[in-house]
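Here is what each chain is made of, one letter per residue.
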Amino acid sequence: MTGGRAARIRVRIARQAGAEVVSVAHVCAAAVAGVGVDGAGMTVGRSTVHATDPVAAALEEWQLVYGEGPCVDAWATGGPVLVVDLGATAARWPVFTPAALDSGARAVFALPLQVGAIRLGVLDLYRAGPGPLSPGQLADALAYADAAGTLLLDGARAGAPDPTAHDAQVHQATGMVLAQLGVSAEVAFARLRAHAYAQDRLLRDVARDVVGRRLRFEPEPSPEDQNER
Amino acid sequence: MTEHLLAETFVELADTLVDDFDVLDFLHQVTVRCAQVLGVAAAGVLLTDQRGALRVVAASTEQTRMLELLQIQTDEGPCPECFHTGRPIAVPDVSAVADRWPRFAAEARAVGFAAVHALPMRLRADMIGTLNLFDTEPGALGADTIRLGQALADVATIGLLQARAIRHRETLAEQLQTALNSRVVIEQAKGVIAERRGLDMDQAFTLLRDTARSRNLGLSDLARSVVDGVTVL
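Conventions used here
Along each chain, residues carry numbers from 1 onward, in the same order as the chain's sequence is written. Chains carry letters and ligands carry numbers; both start at the beginning, A for chains and 1 for ligands, and go up in the order they are written. Local features are withheld for residues below a pLDDT of 70 in this predicted model, meaning they are given only at 70 or higher, and side-chain atom pairs are given and counted only at 80 or more; totals for whole chains, interfaces and linings count all residues. Around each residue's C-beta, the other C-beta atoms within 10 Å are counted; 20 or more make the residue buried, 12 or fewer make it exposed, and counts in between make it partly exposed. All C-beta atoms are placed from the backbone. Helix and strand assignments follow DSSP, with helices taken as H or I runs no shorter than four residues and strands as E runs no shorter than two, numbered in order from the N terminus. Contact between two residues is assigned whenever their backbone-derived C-beta positions fall within 7 Å. Think of it this way: DSSP has to see at least two bridges between two strands before they count as a pair. The axes are straight lines fitted to the C-alpha atoms, using for helices just the contacting stretch, and the angles between their N-to-C directions are given from 0 to 180°. Throughout this entry, Asp, Glu, Lys and Arg are counted as charged residues, while Ala, Val, Leu, Ile, Met, Phe, Trp, Tyr, Cys and Pro are counted as nonpolar. The remaining residues, Gly among them, count as polar.

*Asks:* Account for helix 5 (residues 102-111) of chain B, naming residues and giving values.
*Replies:* Residues and elements named next belong to chain B. By the burial criterion, the buried members of helix 5 are Phe-104, Ala-105, Glu-107 and Ala-108. On its buried face, helix 5 sits against helix 3 (64-72) and strand 4 (115-123). Downstream of helix 5 by one or two residues, Gly-112 has phi in the positive range, about 105°.

*Asks:* Please set out the sheet that holds strand 5 (residues 126-135) of chain B residue by residue, giving values where relevant.
*Replies:* Residues and elements named next belong to chain B. What the five strands build is an open sheet, ordered 2-1-5-4-3; its pairing is antiparallel. Sheet topology places strand 2 (54-59) and strand 3 (89-91) at the edges, where each strand pairs with a single neighbour. Each adjacent strand pair in this sheet contributes to an overall mean axis angle of 20°, direction not counted. Both strand 1 (residues 42-48) and strand 5 contribute to a ladder of six bridges, which runs antiparallel. Note on strand 5: the bridge partner recorded for Ala-43 is Leu-133. Each of strand 1, strand 2 and strand 5 is contacted by helix 3, which is oriented at about 150° to strand 2, the strand it contacts most. Strands in contact with helix 4 (residues 78-85) are strand 1, strand 2, strand 3, strand 4 and strand 5; relative to strand 4, the strand with the most contacts, it is inclined by about 30°.

*Asks:* Got a sec to walk through the interface of chain B and chain A? Specific residues and values, please.
*Replies:* On the chain A side, the residues contacting the 33 residues of chain B number 33 residues. Among the elements of the structure, strand 2, helix 3, helix 7 (169-197) and helix 9 (219-227) of chain B are those that each provide at least two residues to the side of chain B that touches chain A. Examining the composition of the side of chain B that touches chain A, we find that 20 residues originate from one element, helix 7 of chain B, more than from any other. Considered class by class, the residues forming the side of chain B that touches chain A number 11 nonpolar, 11 polar and 11 charged.

Listed below in structure tokens is the structure:
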């Protein structure tokens, strides 16, 4: 059951954080223990925001420097790139692969943090030995990536994931708000989520109002506009 | 159903598979052809999100209520049952399952559907999703129609997974997740177009698809370009 897995993983991340505010570091550490890998790193935009160890840090660094690797491909396609044995990928990433092997990584699982066209980042998991993730481990890895994505979207406010976040109308409404405000999809989605949060409503219900043209978003006045008043 | 239509359908789908093609465009085409060839009112495809739930990826009509009816099956209905058992599920009369799947039955009736069938989409040992068929009159589909429907479900599976490349579970997972994310991009693009042009979601999808065809672009690529603001439709 999908809700059960997401809830279980949320508990593990919260436990990892303890008394601290949940951060990317806690998600990475919980993913390493929960999925059963040796390390994790996260790239947001063009920079590494966290790595659980030097190997994970090196993997992130080389992909940024060389512009190739599983993380780069996951960012481009919007789908995960699951490499069970880097020993067999030299042709695919000729510069990255030997560097990654040298550093001590043998399997890499790159999970994009994307909501349609909204590209937040990539969560990379690695193992020192070759071998696939089991179906259960893959499901957990995807769920940790979901949790990381929610954290990046909502920041410290991130609480229980909204079960309606995958509804078609939520994504349609994001597109409509994008056009109403003349902003990026990421900003439009953030506005939609913030509205739902502030009104204590499900995203689906807010989205339905937007798609039904009962709710419009207005551009926020810029600081200059406010100064003029 | 005419043999001519059937032949034309398989030729068209086979043609698509030979070229470099857009998976979402292909799946949409399969659902439209399913409805025509099988003589049902509508068809939709749900895929596993590999976290334990199904998600909508394509439908023969993009009307909001149709997508919602498919979406309900994230929780209940013939599709999850088909997915978990790996067997085709026939619901010849939707009102007979009102106790078992109350939300599904109510929504199906509200949209005007009386009969529903779910056919498994499977690659070897792995279930990847279901093909859902809706009809406005009650009654079970005949054995021949089901067989043909299953053949179309198999074509959809092969196309989706570009099966020549699927030697590993890893590739399967990569393709499924990419398709699901592409579906989200299309929903976002529908919203952008609907707002700018004052269209409903079905019209927005049609404009997106027709533009992709006339410019010879992939549906997902064009959708991404619209959401990223590179293309204005």
